[in-house]
Every structure is written in structure tokens, then in C-alpha cells.
Amino acid sequence: MVFDGLILQRVLAEISDLPGQQLRQIYQIGRSEFFFKFSKRGIEISIDPSSPYIIENNRNQNSQSIETPFSLFLRRHINGFFLTEIVQIDMDRITRLDFEGRDAFGERNRYSVIAEFIGPGSNIMILDEENRILQVFREMISSKRTLARNLEYYPPECPGKSLRDMSKDKIVSTLLQSTDILSKATMKSFTGFSRATAENIVGFLQTEDVVPVGLREERLDEVAEFLMSLSRYTDGKSLFVIEGAKGVEISPVPLDHKGRCEKVGASEAIRRAIRSSGAETEVERRKLSIARKIDKSSKRLFKLIDKLETELSEVENYKEFRKYGELITANLYKLRERKETVELEDWETGKKVEISLDSRLTPSENAQLFFKYYSKSMRKEIQLKRRLRTLRDESNYLEQLKEMVLQAESLEDIREFSCELEEAGIKRKDKIDKKRKKRSQKSGPRVFERDGFRFLVGRNNIENDEITKKASKDDIWFHARGIPGAHVILKKAGREITPDAIFYGSLLAAKYSRGRQSGKVDVTHTEVRNVKKPKGAKPGMVTYRKSESITVDLTKEMVGRD
């Protein structure tokens, strides 16, 4: 995603009403993403090297922040302070947010938060009034610049010049000094222009992309005037968006030369570009990390199941041992010598049966040995089947757990899996006191409403158990048949259940199941009275009876929250 100085300029224009608002809370919502919640609105800052950005974000962020030394430092120093100014430094990809307020001792203090959106060098830090770095997210030490605590902050060197105070003639003369083609000359000569933006300027103006000295004077004047207008267009709050072969492209310059483009708010345009690029959010990173750990545990289970199934196949003919023992015992009167084999008639089939013996033992001792093999093999079969049943249940549970984790929509949703992951051995137990765990609030099930009916959808397996356990016996329970997924409860509330309500409940169960990507999903539904949780069963695992099924085609249906 392109995020240059001109795009930053548009975002800052969009949030220009932030100064004067109080900073209510700071959340670190990802490995390198932060959310600043002000009195009336908020901003999200990402310093991820692959996709740095700042956008307006009105998310209702009430979940706990990721606790890192940097997020704690920010919260301790500027939480409750007022934003006095937000500026862009020299049209570069750097913004400064100035805060003023009183500390816990009543002393008035001023701090600045610097956010640099410069690719691999993206960073965020807090400065004191003397421009010294108090804390920095990523300490950097190089021959060109050092960012570390107690050192004075200075921005990175930029070879380009700022256009903000340049006249048209000065812009023309600067371009004429370059031996590069126009787009590259623009990018190198002036601060704030990415290669994509510079090329889009040339395309929009329909100017030849040649060395500036090769342009006619009037064309060069036109380019200079356009560049000057871009640098001074500080009230512009929009960007241009176009859907291309490589995804969504955003630009501060109209993209009509590339096709039909759309003009949208700067923050919304950036959000579209982020979604299009497939950049992983912290939520996605954590979900996939947990899913990989679950897959690792599942793989170990599969190996153990295969081993036990092999052992079971080796003892499955144990009943023959009893038959051999019985045949030998019935014929002891004529088995006088110790032999390696005997051939005896099976009285049930009338066929001759050849039996291998231990020649060191008497026929009677061989018979007792076969009975011993029979008893031992029978006990082993019982143990193996019991163990396999437990392991298969555990394997099914891990598949269910993985599916519920992949459905998580927020960091808070993921945190609520902690207990399950600890019990399943996927995650180490946190050393958190029980009182703190008890105080942590749960987000609760997803709630949907349709035609006056209320539907509850579990966010995790423990919640699946809770909504099913607390449901009335005549409420309707839904679940995708034969595949992992969420429990869905349709609250009857004394009303007559309609076919549309059954269909919508089935639609929700299909959407929140592993089958959501496959199109058609079979969904089972029954009254809650028919759903039972077996003793000792894992969270979310139930049995049911007297059910009906409906097939949902997710390719034709849309599920929206009313």
C-alpha cells in the first residue's frame, strides 16, 4: 500500500478537528498498531514496516490493551492530556502530536508523540519539551541516525525539498536540474512523493514522462502549478480509489487515466487498500499462530491413533485363541505326545483346523496358554478401544476448538480462549491471580435479531455450553451437521417459531461453521430439551436426538447483523 507525504496530508486534514480533545485512553491493539481514543473520536496508528499508516477510527475499543513497556509508558505519561496540535513535518511521512496536561502531582507538562511512516524504518516515540526522546518503540542505532532514550530527536535526512514554501519558478528550476524522467525527478526532487504518486501525476496531466528539459515551457509550468496546488491543498480530506488487477490503489491524484475511480474519505480509502493487500492484522496473526499450535497437537494425536489402530488390528482375531484352547482341551484324551502342530476337527464347521503348538509344553499346557492369550488379548482390545474413543473425541474437540478460534473477531475474543487453550495443553498457564481472572469481563455471545426473534451465537466452546445450558427447553438449538462450528440458539420467548426463523438460525449456524467457505452446508436443529452434554465431555461437545436438517446455500444468502 502506498502511504506517502501527500496521503498523510489528506488524513491529517480529515482529523484536523482533533486538537482540543482529551485523550481518554491508549490501546496497543496489535504487535505494532495503536489506538488513541479521544473525547469524540479516535485515531489508529500502525508502524508495521509492510503497511504503516494513520487513519481516523471510531471503533468502540473497550477491550484490554496489549501490555508492553511502550504502551504502559504512553498511558502513564499522556493519558488524560489534551491534544494541542497535530502537524506534518516538512510534507514528509512524519507527524507530530503535541499534548498538554497535568500529571498526578498537579504539574503542567507537555509531551509530543512522533510517528514516522517510512517503511522498514517506521517508528513511534514520545518526546519531552526539550525534544529529547523519553521512550521509543524501536531503538535504532546507525551511522546516519540514532533513536534511543535521552537523546535529542531529529527527523531523518530527506534528499528532497519541501514544496510548501516554493514558488512556481523555483519548482521549475528544481525540476530542470534533474536528469531523470519527469516522474522520477518529481519523486527525488521533492519531499512527500512516492513513485506511484509521481507516475499518477504524469498520467493525470497527460504529460510525456521525459527528462524535464525535454518538455515545452508551458507543459513544465502546468506541472509546477499542479505540484504547487497539491502542496497547498491542506483542506483536502479525500483520496481517489480504483480497483486494479493487483487490488485497490489509492492516490491523492485523480486516477481517471487508469479507469473509473472513486473519491472517498482518506481513512476509508486506506482501510480499503489494507483489506485489499491482505495485510495481516494482529487478530489474524494470533488466530493463525494458535491454529498452527492446535494443528501440531492434532498431528501428535493422529500419529498415536494410527499406532493404536495398528495394535488393535493385531489382536482383533483373539477369539481364535479361545477356540484353539477349547479344541485342544476337548481332544486331550488322544493328544499324548508333545508336537509342533496338531490337526483337529472343528465341531461347529466340521472342518479340520491346523494349530501350531509349543513343543516344549504338554497339550494341556498349550491349551492353558491359548486361554491366557485369549484373556490378555481381550483385555487389550477393550483398553485399546476405550483409549481410541477418548483420543478420537479429543481430536474432534481440537478441530472444534480450531474452528472457533478462526472465527474470533477481536483480540478480546482470542483472550477468552485462554482457559480452553490451557486445558488442552496448547498454551502455558498464565500466572495471573484468580481474582483478576474473575474480574475480567466477557464479551458475551454474538446477538442477531430477525422479525422479532433473537438469536445467540457462541464465540467459543465455553460460551457454546453456556448459551445452550441457559436456554429454555423449548428454544431451538442449531449446529452445522458433522463439522465444527458455533452453537446457535433461537429464543422462542413464548412465540410460535416460523419457517423463516428456522431458516435464519440455520443460516447463522452455517456461516459460523467450517462449512462457511464451501457453499452448501447441512444444518441440524432441534429443541434444547433434546441436547445433552455427556459427563466429562470437552467444552462445546454435546449429543442430540429428534433433530431435523436443512441445507443452506451460503453462495446465495447473506447474513447481516440487524
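Residues numbered from 1 in each chain as written. Predicted model: local features only at pLDDT ≥ 70, side-chain atom pairs only at ≥ 80, totals over all residues. Heavy atoms only, no water.

Novice: Mind laying out the overall build of the protein chain, listing which residues take part and the relevant values?
Specialist: A count of helical and extended segments in the protein chain gives 15 helices and 24 strands. Relative to a compact globule of 562 residues, whose C-alpha radius of gyration would be 24 Å, the protein chain shows 35 Å and is clearly more extended. Dimensions of the protein chain along its principal axes, counting C-alpha atoms only, are 125 × 60 × 55 Å. Partitioning the contacts of the protein chain with sequence separation of at least 6, the portion at a separation of at least 24 is 59%. Here the protein chain displays about 30,400 Å² of accessible surface, and carbon together with sulfur accounts for 47% of that area. One way to put it: in the protein chain the 103 positive side-chain charges average out to a point 6 Å from where the 88 negative ones average out. (Helix = DSSP H or I, 4+ residues; strand = E, 2+ residues; numbered from the N terminus. Rg over C-alpha atoms; globule rule 2.2 N^0.38 Å. Contact = heavy atoms within 4.5 Å. Areas by Shrake-Rupley, 256 points an atom, 1.4 Å probe, with all protein chains shown as cover. Lys, Arg positive; Asp, Glu negative; His and termini not counted. Charge placed at Lys NZ, Arg CZ, Asp CG, Glu CD.)

Novice: Got a sec to walk through the pairing of strand 13 (residues 247–251)? Specific residues and values, please.
Specialist: Judged by how many residues are buried, strand 13 sits mostly within the fold: 4 of 5 residues are covered. As paired strands, strand 12 (residues 238–244) and strand 13 are joined by 5 bridges and run antiparallel to one another. Note on strand 13: the bridge partner recorded for Gly-244 is Gly-247. What sits between the antiparallel neighbours strand 12 and strand 13 is a turn of 2 residues. (Buried < 20%, exposed > 50% of the residue type's maximum accessible area, 1.4 Å probe, protein only. Pairing = 2+ DSSP bridges.)

Novice: Hey, could you go over the packing of helix 1 (residues 5–14) against helix 7 (residues 266–277) for me, with residue numbers and the actual values?
Specialist: At a minimum axis distance of 8 Å, the contact between helix 1 and helix 7 shows a crossing angle of 130 degrees. The angle between helix 1 and helix 7 places the two elements in the oblique class. Facing helix 1, whose interface residues are Ile-7, Arg-10, Val-11 and Glu-14, helix 7 presents Ala-266, Ser-267 and Ile-270. Looking at the contact of helix 1 with helix 7, its residues break down into 4 nonpolar, 1 polar and 2 charged. (Axes fitted to C-alpha atoms, helices over the stretch in contact; angles between N-to-C directions. Parallel < 35°, antiparallel > 145°, perpendicular 65-115°, else oblique. Nonpolar A, V, L, I, M, F, W, Y, C, P; charged D, E, K, R; others polar.)

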